[in-house]
Amino acid sequence: MTPSGETFDSIAAPQGDALLDDAALPDEEALESAAAQAEHRQAPVAAAQHGERLDRALAVLVPEFSRSYLQQLIEAGAVQLAGREVRKASTKVKAGELLGIELRPTPQSQAFLAEPMDLQVVHEDAHLMVIDKSAGRVVHPAPGNWRGTLLNGLLAHHEGARVLPRAGIVHRLDKDTSGLMVVAKTRATMDALVAQIAAREVRREYLALGHQAWQGPAQVRVDQAIGRDPRQRVRMAVVDLGHQVGKSALTDIRLLASQPQACLVHCKLHTGRTHQIRVHMAHLGHPLLADELYGGRALAGLGRQALHAWRLSLVHPVTGQALSWQSPPPADFTQAQAQLGLQGAELE
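Residues numbered from 1 in each chain as written. Predicted model: local features only at pLDDT ≥ 70, side-chain atom pairs only at ≥ 80, totals over all residues. Heavy atoms only, no water.

Asker: Got a minute to help me understand the overall build of the protein chain in this structure?
Answerer: A count of helical and extended segments in the protein chain gives seven helices and 17 strands. For the protein chain, with 348 residues in total, the buried portion stands at 49%. Counting contacts in the protein chain only where the partners sit at least 6 residues apart, residues at least 24 apart contribute 66% of the total. Accessible surface for the protein chain amounts to roughly 15700 Å². Of this, 48% is attributable to carbon and sulfur atoms. (Helix = DSSP H or I, 4+ residues; strand = E, 2+ residues; numbered from the N terminus. Buried < 20%, exposed > 50% of the residue type's maximum accessible area, 1.4 Å probe, protein only. Contact = heavy atoms within 4.5 Å. Areas by Shrake-Rupley, 256 points an atom, 1.4 Å probe, with all protein chains shown as cover.)

Asker: Any chance you could explain the pairing of strand β6 (residues 98-103) here in plain terms?
Answerer: Across a regular strand the side chains alternate sides, sitting on one face of the sheet and then on the other. Note that strand β3 (residues 39-44) and β6 share six bridges and pair antiparallel. Within β6, the residue paired with P44 across the bridge is L98. The sheet contact formed by strand β4 (residues 79-81) and β6 spans three bridges and is antiparallel. Across the sheet, the residue bridging to Q80 is G100, located in β6. (Pairing = 2+ DSSP bridges.)

Asker: Is there a simple way to explain the nonpolar core in this structure?
Answerer: Proteins that are soluble and globular tend to have nonpolar side chains buried together. By size, the foremost hydrophobic cluster in this structure holds 31 residues, and its most contacted members are L154, Y206 and V265. If near-sequence neighbours (up to four positions away) are discounted, L154 is found in contact with L119, M129, I131, A161, A167, I169 and V183. Of all hydrophobic cores here, the second largest spans 20 residues; its members include L61, Y69, L73 and A78. (Core = buried A, V, L, I, M, F, W, Y, C linked by side-chain atoms within 4.5 Å.)

Asker: Would you mind going over helix α2 (residues 54-61) with me for this structure?
Answerer: Because each turn of an α-helix spans 3.6 residues, side chains separated by three or four positions in sequence point in the same direction. Every buried residue belonging to α2 is among L54, D55, A57, L58 and L61, and all of these are buried. Projected down its long axis, α2 shows its buried positions confined to an angular sector of 160°, all on one face. Against the buried residues of α2 lie β3, α3 (67-75), β4 and β6. (Arc of directions from axis to C-beta.)

Asker: In this structure, what is going on with the sheet that holds strand β5 (residues 84-85)? I would like to understand it.
Answerer: Picture the strands of a sheet paired through backbone hydrogen bonds; they go either parallel or antiparallel. Spatial ordering of the open sheet is given by β3-β6-β4-β5, a layout of four strands whose pairing is antiparallel. In this open sheet, the two strands that pair with only one neighbour each are β3 and β5. Packed on one face of the sheet, α2 meets β3, β4 and β6 and runs near 70° to β6. (Axes fitted to C-alpha atoms, helices over the stretch in contact; angles between N-to-C directions.)

Asker: Can you help me understand unusual backbone geometry in this one?
Answerer: Even without being a glycine, A82 presents a positive backbone phi close to 55°. Looking at where A82 falls in the secondary structure, it is placed in the loop between β4 and β5. Phi angles above zero are rare outside glycine, and R200 is one such case at about 65°. Relative to the assigned elements, R200 resides in the loop between α5 (187-198) and β10 (203-211). Residue classification places R200 among the partly exposed residues on the basis of a relative accessible area of 48%.

Asker: Help me understand the environment of G246, please; the structure alone is not making it clear to me.
Answerer: Secondary-structure assignment places G246 in the loop between β13 (236-238) and β14 (250-258). A residue is classified by how much of its surface remains accessible, and G246, at 27% relative accessible area, is partly exposed. Between the alpha carbons of G246 and G227 there is a distance of 3.9 Å; along the sequence they are 19 residues apart. In this structure G246 touches I226, G227, V239 and L241, once residues within four positions along its chain are discounted.

Given below as structure tokens:
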């Protein structure tokens, strides 16, 4: 079984991508092929569940699976009620009837396995670690990326990760964003870091390459709420909270260099909404290089979104020490920067 399938935004709030997502459920053939590995579980229907739908009763018996997946198990013949196979989720149950189910492995339940990998650790102590994530590395399992994620690597890196929600991950970077992330190694540290991030006490600074020569003042504060794009659900968008669902989002952006084809900017996050910098840069008319989702295109040899988590600063939640780490941009970023003539100003 998996750890808790909590959902979270990039500031570890309960929103965003779910670890136990229903979007990539296996088909019936996959369910049948997994039957040999099934765990059998049964219990009598409780008096409080008398008259409820079968799928609702099962959700109480096996809360670690989503209702959508339980419905698939019912349709595949993996559920028995009072000794009879039942294939309708709407079947009403009666108190005292024996309810049985074969818990067949899902891609989700097999995703949380330790996988040794080369993690670029820039700091580690008994309480937390800071990782310099490479572009292309997915942070946590999700549909289409159930294995080979940073979470799998953390499970192999230290034993304590197994008992932590999300293996201690308290914020995330998109797959194609490189740079620094902090990860908790204990539950107390995890809770403290989540609170610090929510209180905007963790400083996260990025470097980004945007399309076109910079327009407007050299420093700008983008205070624009972000929500799901109603026209294209895989995207986020700037939204009007008076008419659309979303959350406030605040980014400080400072120009470092500009040329006719592109600009180099420094971004400081005050909130941590999904795709925040990517959305705000596109909103300003400067989508990130190679960020096709938000209107960017490949340029200067760069084939992934031009975003790098450059500096991370925080107060250690246990020792109270003020700490800061920097990560130089990777070669693909600096090569594109040089080719475009974007030699940036000194960063403070």
